[in-house]
Each structure stands twice: as C-alpha cells, then as structure tokens.
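Chain by chain, the residues:
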Amino acid sequence: MSLSEFMLSRLQKGLSENREYSYKLSEQADRIIVWLVGFSIASIALTISNENSLKAISNDLPALLIIFSCMTVILGILYRIVNYVTQLTENQIMMKFNAGIDVYKNPQDIPLIPPYRNLSGEENCEDLRKYLKEDINIEVDKIEDNDFSQNQKKDYMNSLSNYYNKTAEIYSAHFELEKNIVKNVLKNDLGYSQKAVDGVFNPVEPKIRIQRIYWVGLISSSILFLITTFVFLSGFVVFLWEYLQR
C-alpha cells in the first residue's frame, strides 16, 4: 500500500466516523431548537390570551415576551433551514470524495475513455505498439524487422497505424453508445435535466464551490443555534426580572 493510499483510506475512515458523531450532535441541537421554538409558540399564545394578567406585572411585559418569542421562532426556523442545506451539501461532497477514493484505490476498474491520439504519420513501429498498449490495452508482439525491406517496414508500420485507427474508431463508437445509455437513464429514469446530464460527462468549474457553501452553512448554523438559545434565555431572564420588580 502506497503512502497516499494509506493516508486517503485513513482520511476516508476518519471522515466517516466524524460524520456519524456530527449527526448525533446535530440531532441533539435540533431537539433543543424544536423545544425552544415550541415553547416560544406556546408563550406567544399564552401572552395574547393573558395580556391583562401580564400587564399587572409590567405594562411592557407582553410586548417583550412577544418580541423574544417571535425572534426565537424565526431564528430557530432559520437554523433548521441552514442546517438542512448544509447537510445536503455535505452529502454531495462526501459522495464525490468517496467515489474519488474508490477510483483511486481500484484503478483497474476505470474503463478506457477516448478520445484517442491523432496519429501524425511520423510514428515508428515501436511508438505504435506503445500507443496500442497505453490507449487501447492491446499488446502487439515485437517483430524483428532487421531483414525487412524498406517497403515491408513501411507496410508493417501502415498496418499498425490502420489497426490503431480502426480499433480507436470502433472503441469511440462503442463509448458514445455507452454514454447515450447512461444519459437516457439519467434523464428518463432519474429526471436529470439536459444541462445536468451534460455536466456529468463535461464538468465545468462552478462559480461558487460547494465546499464554500458547506463551510459557510456549517458556521452559520452554529451561530444561529447559539443566538437562538441566547435570545430564548434572554426572554426568560427579562420575564423573571420584570416579575421580581413588580
């Protein structure tokens, strides 16, 4: 096992384990937010129905409770939205990362992908045998051509060149057929748009990298969680202060 394969395999395993731990933390945070939002909604309902009783404590208390409760609900909903988008982007990143690691660890499974070389006509027999092996995985036995005439050498080289071009043409046509099969499955069975299908075979660099969206979402969801908790606690402290000051 090479150093890169060892480190990438360990990184893949570490990210997978950390992902499970992150999901547990996210579930706990979601439960807290759901509880805070639910309690705040109940507080709004109780404040509206008992406004006069609260004004007996302080004239400003109903408005303050409504404000803090509404802010908690809004921030809690924003947290859930941002957290959802963050998890979606994380899933896409991990899918691409795991696919890349699998391809790296199993290079023998990678299919031969054209386009092939455009021969210039200046290649010798050794070059053509090398191209057949590298590009099409076809081995051609080396023939000792020391006793060949100039015309025989030329004919042999032309035969190798024609063999390469014809085989590359057949492989290219087969590859296009395979591409069309995959495209039809993506469009007809999975509902991909034509743009998305084209992006599978001809990827372009997006204007906004998905990794940046993920990190912005991760930091934003953490900040929103803390702010939501702080606002809720602040509203509770305000209520307690007003009650003790009556």
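Structural notes, computed from the coordinates. (Residues numbered from 1 in each chain as written. Predicted model: local features only at pLDDT ≥ 70, side-chain atom pairs only at ≥ 80, totals over all residues. Heavy atoms only, no water.)

### Description of the overall build of the chain
Next up, step 1: Counting secondary structure elements, the chain contains 7 helices and 0 strands.
Next up, step 2: Mapped in sequence order, the helices and strands of the chain form the string α-α-α-α-α-α-α.
Next up, step 3: A buried classification covers 26% of the 246 residues belonging to the chain.
Next up, step 4: Looking at the chain alone, contacts between residues at least 24 apart form 75% of all its contacts between residues at least 6 apart.
Next up, step 5: When the accessible surface of the chain is summed, it comes to about 17,500 Å², and 60% of that surface belongs to carbon and sulfur atoms. (Helix = DSSP H or I, 4+ residues; strand = E, 2+ residues; numbered from the N terminus. Buried < 20%, exposed > 50% of the residue type's maximum accessible area, 1.4 Å probe, protein only. Contact = heavy atoms within 4.5 Å. Areas by Shrake-Rupley, 256 points an atom, 1.4 Å probe, with all protein chains shown as cover.)

### Observations concerning the packing of aromatic side chains
Next up, step 1: Evaluation of the coordinates by the stated rule reveals 6 aromatic pairs.
Next up, step 2: For the pair Phe39 and Phe232, a centre-to-centre distance of 5.6 Å together with 75 degrees between the ring planes defines the contact as edge-to-face. Separated by 193 residues along the polypeptide, Phe39 in helix H1 (residues 3-49) and Phe232 in helix H7 (residues 210-244) bring together distant segments of the chain.
Next up, step 3: You can call Phe39 partly exposed: its relative accessible area is 39%. (Phe/Tyr/Trp six-rings, centres within 6.5 Å; stacked < 30°, edge-to-face > 60°.)

### Let's talk about the nonpolar core
Next up, step 1: Core analysis: the biggest nonpolar cluster contains 11 residues, these being Tyr116, Cys125, Leu128, Tyr131, Leu132, Ile136, Ile138, Tyr156, Leu160, Tyr164 and Ala168.
Next up, step 2: Take this core: its biggest share by element is 5 residues, from helix H4 (residues 125-136).
Next up, step 3: Core analysis: the next-biggest nonpolar cluster, separate from the first, contains 8 residues, Ala29, Ile33, Leu75 and Val231 among them. (Core = buried A, V, L, I, M, F, W, Y, C linked by side-chain atoms within 4.5 Å.)

### Re H7
Next up, step 1: The end-to-end C-alpha distance of H7 is 51 Å, a good match for the 51 Å that 35 residues give at a rise of 1.5 Å each.
Next up, step 2: Within H7, the full set of buried residues consists of Ile210, Tyr214, Gly217, Ser221, Leu224, Thr228, Val231, Phe232, Ser234, Gly235 and Glu242. (Expected span 1.5 Å × (residues − 1).)

### As for the packing of helix H5 (residues 150-189) against helix H6 (residues 194-201)
Next up, step 1: At a minimum axis distance of 10 Å, the contact between H5 and H6 shows a crossing angle of 140 degrees. By the angle between their axes, H5 is oblique relative to H6. The interaxial crossing formed by H5 with H6 has right-handed handedness. For the pair H5 and H6, the contacting residues are Lys179, Val182, Lys183, Leu186 and Lys187 in the first and Gln194, Val197, Asp198, Val200 and Phe201 in the second.
Next up, step 2: Per-class residue counts for the contact of H5 with H6 are 5 nonpolar, 1 polar and 4 charged. (Axes fitted to C-alpha atoms, helices over the stretch in contact; angles between N-to-C directions. Parallel < 35°, antiparallel > 145°, perpendicular 65-115°, else oblique. Left-handed = near helix turned anticlockwise from the far one by under 90°. Nonpolar A, V, L, I, M, F, W, Y, C, P; charged D, E, K, R; others polar.)

### Quick look at a nonpolar patch on the surface
Next up, step 1: Together, Ile74, Ile77, Leu78, Ile81, Tyr84, Val85, Leu88 and Ile213 line one region of the surface with nonpolar side chains, adding up to about 710 Å² of accessible area.
Next up, step 2: As for its position among the elements, Val85 is in helix H3 (residues 61-105).
Next up, step 3: Assessed through its relative accessible area of 39%, Val85 is described here as partly exposed. (Patch = residues over 30% accessible without salt bridge, like charges linked within 9 Å, V, L, I, M, F, W, Y side chains within 5 Å. Salt bridge = Lys/Arg side-chain N within 4 Å of Asp/Glu carboxyl O.)

### Concerning the packing of H4 against H5
Next up, step 1: Here H4 crosses H5 at 20 degrees, and the two axes come no closer than 9 Å. Considering the angle they form, H4 stands roughly parallel to H5. The chirality of how H4 crosses H5 is left-handed. Residues Cys125, Leu128, Arg129, Tyr131, Leu132, Asp135 and Ile136 of H4 lie in contact with H5, whose contacting residues are Tyr156, Met157, Leu160, Ser161, Tyr163, Tyr164, Thr167, Ala168 and Tyr171.

### Concerning unusual backbone geometry
Next up, step 1: With a phi angle near 60 degrees, Asn137 is a residue other than glycine that sits in the positive phi range.
Next up, step 2: Assignment of secondary structure puts Asn137 in the loop between H4 and H5.

### Some details on the side chain of Ser40
Next up, step 1: Tracing the backbone shows Ser40 in helix H1.
Next up, step 2: Side-chain polar atoms of Ser40 contact the backbone oxygen of Leu36, separated by 2.8 Å.
Next up, step 3: When residues no more than four places from it in sequence are discounted, the contact partners of Ser40 are Ser69, Thr72, Val73 and Phe232. (Polar contact = N/O pair within 3.5 Å; in protein donor to acceptor, adjacent residues only side chain to side chain.)

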